[in-house]
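Working through the structure, step by step
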Amino acid sequence: PDCRTLQVVDRRLTSTMSAILRNRAVKQALSGAYAGYARGFASVPDVMRAAVVRETGPSSVMKVEHDYPVPKLQPGGVLVKNKYSGINFIDTYHRSGLYKRELPFIGGQEGGGFIAAVSPEAEAQGVKVGDRVAYSSVFQTYAEYTAVPANKVVTVPEEVPLDVAVSCGVQGMTAHYLTHSAHAGLVKPGEWMLIHGTGSGTCQWAAQMAKLRGYKVIGTCSESKQDIARATGVDELIVYKEAQGTSYEDYTSVDLVPKVMEITGGEGVKAVIDGIGLATWETSIEVLARRGIFVSFGNASGAVPAFPPLRFINKSGFLTRPKLNDYTVTREELMSRANDIYGWLPKGELKGGGD
C-alpha cells in the first residue's frame, strides 16, 4: 500500500474497474462443496464478471471477463457480493509483475458490499447473510464476488457510507498502523514527523491520524495537491514542482533536507513515513533526528535499492519495512484499528477521501 493514492493513477485501469462495478440485478446462488449446509441467498451464479490478469505488464493486460468462476465458499469464510472495490497503487505492483503472483489472477485487495453466503464456522462467529461489510488484505476483489475469511470482514456502521468504509481498507488501516505502531514508539506526541505525499492516498489519511496522535507533522505534496494536503492539518507543508506533463512531484525541485532542518531547529524528525521509495529514501534518512526511524512502506517512484546499514550511523537511526498484514494479525487487532477509524469519521475528526 502507498502514498501516491494507493489508488491506481492509470486511467485505463480506472475505466476497467468502472465497467465491472456498474449497477446490475442481484442474482445469487451458492455452488460448490458448501452448498449443502452454507447459509446464503437463493441464487448466487456459477460465473461472474471480473478484471483478470493472465500475463503481467501494463494496464492493457487486465481484461474484463464475463464468465469467470465465482469463488467457492471456504471453511471459516464468507462470500461477499461486492458493491465497491478499492483501487490502490499497490495493485499496479501485482499487475506489472513487481510483486509476484500466480497467474491468472483477479486484481485488487479490498472491497465491500453485503454478505451473500456464510460458512458454518463464520456463522458461529456471529457473521450473517445480509451484513454490510468491508474487508481488506484479501486478493481478487475486482469482481462481483469475493471469498473472504470471516476474520477479515468488518461490519460497517450505518452512519459510515460504504464507499468511505471501503477506502478505509488498505489506505485507512495502513495509515493507522503507520502512525500508531510501525514507528515502535520512537516518536512521541509533540515531536516532529515527516510524511511524504500528504496530498493523496494513504498519506492523506496518515497526516490526519498523526495530528490526532499529537505529533507535529511536516507534509510534502505536488503543486496541484496543495489544497488537499493543507486540509489534513499538517503543521508545515513542503511543496514540490510537478514533473513536466504529470501531476507527480519533481523531487529535485526542492532541497528537502535544509528545509526540514530549518523547521525542526536543526534536530531533524523522529520519524519519516515514506511511500515514495526510490526518489526519496536518501533524504528520508538524512532528515532523521537522533534515534529516529525511517518507515519505508512503498515504492511509488521505484523500489528502494539495497544499501549498507552504515547509512544510519550518524544518528543511530532505525529502519523498518512494514506491511499491513503484520499489523492486523488477529481479529482483535483488526477491529481495534477499524473502531478507531469508524469512530473518527462520523465526528468529522477524520475526513475520508480518495483520488
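Residues numbered from 1 in each chain as written. Predicted model: local features only at pLDDT ≥ 70, side-chain atom pairs only at ≥ 80, totals over all residues. Heavy atoms only, no water.

A word on the overall build of the chain. Scanning the chain from N- to C-terminus turns up nine helices and 15 strands. Sorting the 355 residues of the chain into buried and exposed places 54% on the buried side. The contacts in the chain between residues at least 6 apart in sequence include a share of 68% that link residues at least 24 apart. Only carbon and sulfur atoms are counted for the fraction: they give 51% of the accessible area of the chain, which is about 15200 Å². (Helix = DSSP H or I, 4+ residues; strand = E, 2+ residues; numbered from the N terminus. Buried < 20%, exposed > 50% of the residue type's maximum accessible area, 1.4 Å probe, protein only. Contact = heavy atoms within 4.5 Å. Areas by Shrake-Rupley, 256 points an atom, 1.4 Å probe, with all protein chains shown as cover.)

Per the stated rule, a full pass over the model turns up two cavities of 30 Å³ or more. In this structure, the largest cavity spans a volume of roughly 120 Å³. Lining the largest cavity are 16 residues, and of these Ser 136, Val 154, Gly 169, Met 173 and Leu 334 lie nearest its centre. Among the elements of the structure, β7 (132-136), α4 (162-180) and α9 (331-344) are those that each provide at least two residues to the lining of the largest cavity. (1 Å grid on protein atoms, 1.4 Å probe; cavity = no way out; pocket = protein on both sides within 12 Å on 5 of 7 lines; lining within 4 Å. Points joined across faces, edges and corners; volume = space filled by probe spheres on them.)

Okay, the sheet that holds strand β3 (residues 62-69) next. Strand pairing in a sheet relies on backbone hydrogen bonds. The paired strands run either parallel or antiparallel. Here three strands make up an open sheet; going across it, the order is β3-β2-β5 and the pairing antiparallel. This sheet does not close on itself; its edge strands, each paired only once, are β3 and β5 (105-106). Pairing geometry for strand β2 (residues 47-53) and β3, over six bridges, is antiparallel. Counted as the bridge partner of Ala 50 is Glu 65 from β3. (Pairing = 2+ DSSP bridges.)

This next bit is on α4. The periodicity of an α-helix, 3.6 residues per turn, causes residues three or four places apart in sequence to face the same way. Maximal helix bending in α4 amounts to about 55°, located at Gly 169. Burial analysis of α4 places 17 of its 19 residues in the buried class, which makes it a mostly covered element. (Bend = angle between axes of the 7 residues up to and from the residue.)

Residues Met 193, Ile 195, Ile 341, Tyr 342 and Leu 345 are the most contacted members of the largest nonpolar core, which totals 42 residues. With eight residues, α4 is the single largest residue contributor to this core. Once you skip the residues sitting within four places of it in the chain, Ile 341 turns out to touch Cys 168, Gly 172, Met 173, His 176, Met 209 and Leu 350. Ranked by size, the runner-up nonpolar core spans 25 residues in total, among them Trp 192, Val 254, Val 257 and Val 287. (Core = buried A, V, L, I, M, F, W, Y, C linked by side-chain atoms within 4.5 Å.)

Turning our eyes to something else, we now look at helix α7 (residues 256-263). Buried residues of α7: Leu 256, Val 257, Val 260 and Met 261, and no others. Along the long axis of α7, the arc covered by the buried residues comes to 125°, so they all point the same way. Looking at the packing, one finds that the buried side of α7 touches β10 (192-195), β11 (216-222), β12 (236-240), β13 (269-274) and α8 (281-286). (Arc of directions from axis to C-beta.)

Now for the pairing of β12. Bridging between β11 and β12 involves five bridges; their strand directions are parallel. What sits directly across from Ser 222, in β12, is Tyr 240.

Turning to the confidence of the model for the chain, a few remarks are in order. Counting all residues, the mean pLDDT for the chain is 87, and 87% of those residues have values of 70 or more. Predicted confidence for residues 1-38 stays below pLDDT 50, and this span has 120 contacts to residues more than four positions away or in other chains. (pLDDT = per-residue confidence, 0-100.)

According to the stated counting rule, one finds six aromatic pairs in the structure shown. Ring geometry for Tyr 177 versus Tyr 327: centroids 4.6 Å apart, planes at 5°, classification stacked. With Tyr 177 in helix α4 and Tyr 327 in the loop between β15 (318-320) and α9, this pair connects stretches of sequence that are 150 residues apart. This pair shows no difference in class: Tyr 177 is buried, exactly as Tyr 327 is. Measuring from centroid to centroid gives 5.0 Å for Tyr 240 and Tyr 251, while their planes differ by 70°, and the two rings are edge-to-face. Linking Tyr 240 in strand β12 with Tyr 251 in the loop between β12 and α7, this pair joins segments that are 11 residues apart in sequence. Like Tyr 240, the residue Tyr 251 is buried in the burial classification. (Phe/Tyr/Trp six-rings, centres within 6.5 Å; stacked < 30°, edge-to-face > 60°.)

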